[in-house]
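Letter by letter, the chains look like this.
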Amino acid sequence: MLKPNVPMVKYITTWTNISLKSTALKTSILALFVSLVLFAFFDFTNNQFQFVQEYHEVNTFSFYLGVDGLSIYFVLLTTIIMPIALLSNWTSISHNLRSFLIIILLLETLLLCVFLVLDILLFYIFFESILPPLFILIGSFGSSNRVRASFYLFLYTLLGSLFLLLSIVTMSSIIGTTDFDALYKTNLNYYTQFFLFCGIFIAFAVKTPVIILNTWLLKAHVESPLSGSIILAGIVLKLSLYGILRLMLPLLPKACLNYTYIIYLIGVITIIYASISTLRTIDVKELIAYSSVSHAAVYLIGVFSNTIQGIEGGITLGLAHGFVSSGLFICVGGVLYDRSSTRLITYYRGMAQLMPLFSIVLFILCLGNCGVPLTLNFVGEFLSLYGAFQKSTILGVLASSSIIFSAAYTIYMFNRIAFAGSYSKFFNVNVPDLNKREFYILLTLVLFTLVLGIYPAPVLDGLHYSVTTLIYSPRMF
């Protein structure tokens, strides 16, 4: 029996892997190009759904797709983050590569469907359909405790979304339709709004996540592969933000207005708890995950302020967090972890001596995470807190503690990584700095953060008209 030619087999396998990755990357870039075309031709003076596609009687129901002034930005965020997620694990994942690429592209498709569907029942279906791919992604490609983390993710979010399903079924039975346009023209009585508000908010509180309900996120981030962490922080956490804008504010305005103070109290407690937890953790991925919880609480406060500035700020902060958190995960979960195989921040010191270019990029991203002026995070955080002050001065002051806390834990993290004495003996003196792939990925995220921070008009001007329709006044009814 002839023995296989080992070098030839390795060459064919390598060539096949490169071909598969290139095809997946080109597909995600094509989706980005299409979304940019939609954005270029989008009419921001029209509050109706645009580019609507109708598919009637698909499995006995109608399928509607379209975008408006709110969803177009989430579509853009998804198509920008997905190629970056693919490139982040370009060399680190080689086993079951075909399955990994299929899962990433399937996640992109399902996430885009969440932002594009114009039916509340289909919104729930696609909202939940991202769980199986994420479960497989973390369970198959994560680190040592990946199975436990994937079950936490699946069970927490599935249980929380049960309340969303019950609310949607109730709404459908009362109104007789699940179409967004028809639902927006109805006016539910106060008690119905209260019960629907409780059910929907529980689901989105798990997805945000707020205090007590954030255990799944920390485990999922820590054990997930890098691309999974990027998708979780950059896009999946924004599903709750989008759901609030799409379901709660327009459909349940009276309940949202009356129970804003409870949400503010939950948000303030979440900010303080997550920030203090961030200061004491020594796992770098867990540190950034806690940071994500804190920022999510800020934009949660912003969108419930019932002010144009607060809602625009919440959306802007959500977009900015998608860029900055993805960059931070690439820095610590990709660049440093690939070179050291450890997540303990104790081993990261003096990196400015060994990796100066990496330290500069990390510093810019840390400034964005702090909400320093001239970054998009500053615009979003400032407007969110401005809206909070207009709603409640005391809770606005407490929520503003996020500015101090974020500066404390972010700069403390940077100092422990880049400085804090000479470099650790754990690292080789010849450890390489950023390569071209890593540099261009991080440069893309830095440019979005800085350019839109200096000139945020493309985001704020586009949001303004759609956000005005979400403002509720009791005198309107």
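All residue numbers refer to position in the chain's written sequence, counted from 1. Only residues with pLDDT of 70 or above have their local features reported here, since the model is predicted, and side-chain atom pairs are shown and tallied only from 80 upward, although totals for entire chains, interfaces and linings are computed over all residues. With hydrogens and water excluded, all non-hydrogen atoms of the structure serve as input to the side-chain values.

An unreviewed UniProt entry annotates the chain as NADH-ubiquinone oxidoreductase chain 4 of Cladonia subtenuis. UniProt positions are given in the numbering used here, feature names are shortened, and annotations may be inferred rather than shown by experiment. Taken from UniProt, the Sequence similarities (unreviewed entry) comment for the chain reads in full: "Belongs to the complex I subunit 4 family."

A. A look at the overall build of the chain. Looking only at helices and strands, the chain features 22 helices and two strands. Put simply, the radius of gyration uses C-alpha atoms, and a globule should come to 2.2 Å times the residue count raised to 0.38. Taking 23 Å as the expected radius of gyration for a compact globule of 477 residues, we find that the chain reaches 22 Å, a close match to that expectation. Considered along the principal axes of its C-alpha atoms, the chain spans approximately 75 × 60 × 40 Å. The cut-offs for exposure are 20% and 50% of the maximum accessible area for each residue type, with area from a 1.4 Å probe on protein chains only; residues under the lower value are buried, those over the upper are exposed, and the others partly exposed. By residue count, 56% of the 477 residues in the chain fall in the buried class. Here the contacts in the chain between residues at least 6 apart in sequence split such that 81% fall between residues at least 24 apart. The accessible surface values rely on the Shrake-Rupley method and a 1.4 Å probe; as for residues, cover is taken only from the protein chains in view. For the chain, the exposed area adds up to about 19,600 Å²; of that, 68% sits on carbon and sulfur atoms. Looking at the chain, you have 24 positive and 18 negative side-chain charges, and the mean spots of the two groups are 14 Å apart. Only runs of H or I of at least four residues qualify as helices and only runs of E of at least two qualify as strands under DSSP, and these elements are numbered from the N terminus. The contact criterion used throughout is that any non-hydrogen atoms of two residues lie within 4.5 Å. Neither His nor the chain ends contribute to the count of charged residues, in which Lys and Arg are positive and Asp and Glu negative. Taken as the charge location is NZ of Lys, CZ of Arg, CG of Asp or CD of Glu.

B. Layout of helix α2 (residues 71-88). Here α2 contains 18 residues, and its C-alpha end-to-end distance of 26 Å stays within 8% of the 26 Å for a straight helix at 1.5 Å per residue. Counting buried positions along α2 yields 17 of 18 residues, so the element is predominantly enclosed. Between the first and last residue of a helix there are one fewer steps than residues, each counted as 1.5 Å, and that sum is the expected span.

C. Highlighting the nonpolar core. Counting 149 residues, the largest nonpolar core has L245, F304 and I417 as its most contacted members. A per-element tally of this core places helix α15 (residues 308-340) first, with 14 residues. To define a nonpolar core, start from buried Ala, Val, Leu, Ile, Met, Phe, Trp, Tyr and Cys residues and group those joined through side-chain atoms within 4.5 Å.

D. Representation of the pattern of salt bridges. A pairing counts as a salt bridge when a side-chain nitrogen of Lys or Arg comes within 4 Å of a carboxyl oxygen of Asp or Glu. As enumerated under the stated definition, the model contains three salt bridges in all. A salt bridge links D68 to R246, with the shortest nitrogen-to-oxygen separation between them at 2.9 Å. Here D68, found in the loop between β2 (61-67) and α2, pairs with R246, found in helix α11 (residues 238-251); they are 178 residues apart in sequence, far enough to count as distant. Accessibility classification places D68 together with R246 in one group, the buried group. A salt bridge links R343 to D283; the nearest nitrogen and oxygen atoms lie 3.0 Å apart. Note that R343 is positioned in the loop between α15 and α16 (351-354) and D283 in the loop between α13 (260-280) and α14 (284-303), a separation of 60 residues in sequence. Here the two residues R343 and D283 agree in accessibility, since each one is buried.

E. Representation of the environment of F115. With respect to the secondary-structure elements, F115 resides in helix α3 (residues 97-116). Sequence separation between F115 and L20 is 95 residues, and the spatial gap between their C-alpha atoms is 27 Å. With sequence-adjacent residues up to four places away left out, F115 is seen in contact with G66, S71, F74, V75, T78, I235, L239 and Y242.

F. The packing of aromatic side chains, seen in detail. A pair of aromatic rings is counted whenever rings of Phe, Tyr or Trp (Trp by its six-membered ring) have centres within 6.5 Å, and the orientation is called stacked for planes under 30 degrees apart, edge-to-face for over 60 and tilted otherwise. A complete count under the given rule lists 27 aromatic pairs for this structure. Aromatic side chains Y190 and Y191 sit 5.7 Å apart centroid to centroid with 75° between the ring planes, which places their arrangement in the edge-to-face category. With relative accessibility at 27%, the residue Y190 sits in the partly exposed group. In this structure Y191 comes out as exposed when scored by relative accessible area, which is 62%. Taking 5.1 Å as the distance between ring centres and 45° as the angle between the ring planes, the aromatic pair formed by F363 and F414 counts as tilted. With a gap of 51 residues between them, F363 in helix α17 (residues 356-370) and F414 in helix α20 (residues 401-418) connect regions that are remote in the sequence. Residue class for F363 comes out partly exposed when judged on its relative accessible area of 35%. The ring of W90 has K21 lying over it, and the distance from NZ or CZ to the ring centre is 5.1 Å. In this analysis the charged atom, NZ for Lys or CZ for Arg, is taken to sit over a ring once it is within 6 Å of the ring centre and within 35 degrees of the ring normal. Here the guanidinium or amino end of R416 rests over the ring plane of Y412, the centre of that ring lying 4.1 Å away.

G. Region of interest: the packing of α2 against α15. Note on geometry: axes are lines fitted to C-alpha atoms, helical ones only across the stretch in contact, with angles between N-to-C directions running from 0 to 180 degrees. Two elements in contact, α2 and α15, have axes separated by 11 Å at closest approach and are oriented at 0°. Put simply, α2 runs roughly parallel to α15. Contact residues: Y73, F74, L77, I80, I81, I84 and S88 in α2; I315, L319, G322, F323, S326 and I330 in α15. Any angle between 65 and 115 degrees counts as roughly perpendicular, while under 35 counts as roughly parallel, over 145 as roughly antiparallel, and the rest as oblique.

H. Focus on the environment of D181. Tracing the chain through its elements places D181 in helix α7 (residues 180-184). For the pair D181 and D119, spaced 62 residues apart in sequence, the C-alpha separation works out to 8.6 Å.

I. Representation of a nonpolar patch on the surface in the model. Exposure above 30% relative accessible area and the absence of a salt bridge qualify a residue for a patch, where like charges join within 9 Å and nonpolar side chains (Val, Leu, Ile, Met, Phe, Trp, Tyr) within 5 Å. On the surface, L30, F33, V34, V37, F41 and F51 cluster together into a nonpolar patch covering about 600 Å² of accessible area. Sort the elements by how many residues they give to the nonpolar patch and helix α1 (residues 6-40) lands first, with four residues. Inspection of the secondary structure puts V37 in helix α1.

J. Quick peek at the side chain of T270. Its location among the elements puts T270 in helix α13. Using a relative accessible area of 0% as the deciding quantity, one classes T270 as buried. Once you skip the residues sitting within four places of it in the chain, T270 turns out to touch P209, V210, I211, V293 and A297.

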